[in-house]
Amino acid sequence: MKIILTTIILTLFSSLSFADGHTSGKFNTSGTGAWKINAMDAGKGDMAITYDGIAGLTDKTPDSIFNKSTMHCIGGLTLQAGKFTDETGMCRFDLIDGESIYMKYQGEGTGGSGGTGTFAIIKGTGKYENITGTGVTSRQNLMSKAPGFSTTMNQLSGEYKY
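Predicted model only: the values in this text are computed from it and were never measured.

1. Considering the side chain of Ser-64
Considering the arrangement of structural elements, one finds Ser-64 in the loop between strand S2 (46–59) and strand S3 (69–79). Ignoring anything within four residues of it in the chain, the contact list for Ser-64 reads Phe-27 and Asp-59.

Here it is as structure tokens:
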């Protein structure tokens, strides 16, 4: 009798904890973005930059929560002799199920070329309200023909739980 009762209790807790089957996971998402750039150029590779833009993303794992999402980011950095170590910003991922996830990031790199960094998932909406996670990101700048804009290839990989 104790075994049956214990089995029922464990089954109940397991069902409550994993009701949607996706309370944690890994992701490896990438896509192309376009960014409106604000810059103050002091010359000789010294520059302050802020940016605001959006990217379309897909994930290598089709059932990832980040597959077929968009990413809106606002951030900035300061170049010294063409390099930066202080990039910071925040992104909102709009997911295919209508919910959103927020992350903050920091990075370093070379102006006009790209950069790498880390991020922390800090919150979400709806069923993702308590989501957390961490990961790494990289960006390769593409040749943009429009003044005041930048285009990039972006890659983010990490883990999450909610």
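2. Describing the nonpolar core
Within the largest apolar cluster, 25 residues are counted, with the highest numbers of intra-cluster contacts made by Phe-66, Met-71, Phe-93, Ile-101, Met-103 and Ile-121. For this core, the elements supplying multiple residues, two or more each, are strand S1 (24–43), S2, S3, strand S4 (83–94), strand S5 (100–110), strand S6 (114–124) and strand S8 (149–161). In contact with Phe-66, not counting residues within four places along its chain, are Phe-27, Thr-29, Leu-57, Asp-59, Phe-93, Leu-95, Ile-101, Ile-121 and Tyr-160.

3. Side note on the side chain of Asn-67
On the secondary structure map, Asn-67 appears in the loop between S2 and S3. Judged by relative accessible area, Asn-67 falls into the buried class, the value being 11%. Reaching out from Asn-67, the side chain makes a polar contact with the backbone oxygen of Pro-62 at a distance of 3.1 Å. Among residues more than four places away in sequence, those in contact with Asn-67 are Leu-57, Thr-58, Asp-59, Thr-61, Pro-62 and Ile-96.

4. A short note on the packing of aromatic side chains
This model, assessed by the stated rule, comprises eight aromatic pairs. Between Phe-66 and Tyr-160, the ring centres sit 6.1 Å apart and the planes meet at 75 degrees, which makes this aromatic pair edge-to-face. Of the two residues, Phe-66 is situated in the loop between S2 and S3 and Tyr-160 in strand S8; the sequence distance between them amounts to 94 residues. Of the two residues examined, Phe-66 and Tyr-160, each falls in the buried class. In textbook terms, an aromatic cluster arises when at least three aromatic residues are bridged by ring pairs, as seen for Phe-27, Phe-66, Phe-93, Phe-119, Tyr-128, Tyr-160 and Tyr-162. The ring of Phe-149 carries the charged tip of Lys-36 above its face, separated from the ring centre by 5.5 Å.

Scoring rules and cut-offs
- Residues numbered from 1 in each chain as written.
- Predicted model: local features only at pLDDT ≥ 70, side-chain atom pairs only at ≥ 80, totals over all residues.
- Heavy atoms only, no water.
- Helix = DSSP H or I, 4+ residues; strand = E, 2+ residues; numbered from the N terminus.
- Contact = heavy atoms within 4.5 Å.
- Core = buried A, V, L, I, M, F, W, Y, C linked by side-chain atoms within 4.5 Å.
- Buried < 20%, exposed > 50% of the residue type's maximum accessible area, 1.4 Å probe, protein only.
- Polar contact = N/O pair within 3.5 Å; in protein donor to acceptor, adjacent residues only side chain to side chain.
- Phe/Tyr/Trp six-rings, centres within 6.5 Å; stacked < 30°, edge-to-face > 60°.
- Lys NZ or Arg CZ within 6 Å of the ring centre and 35° of its normal.

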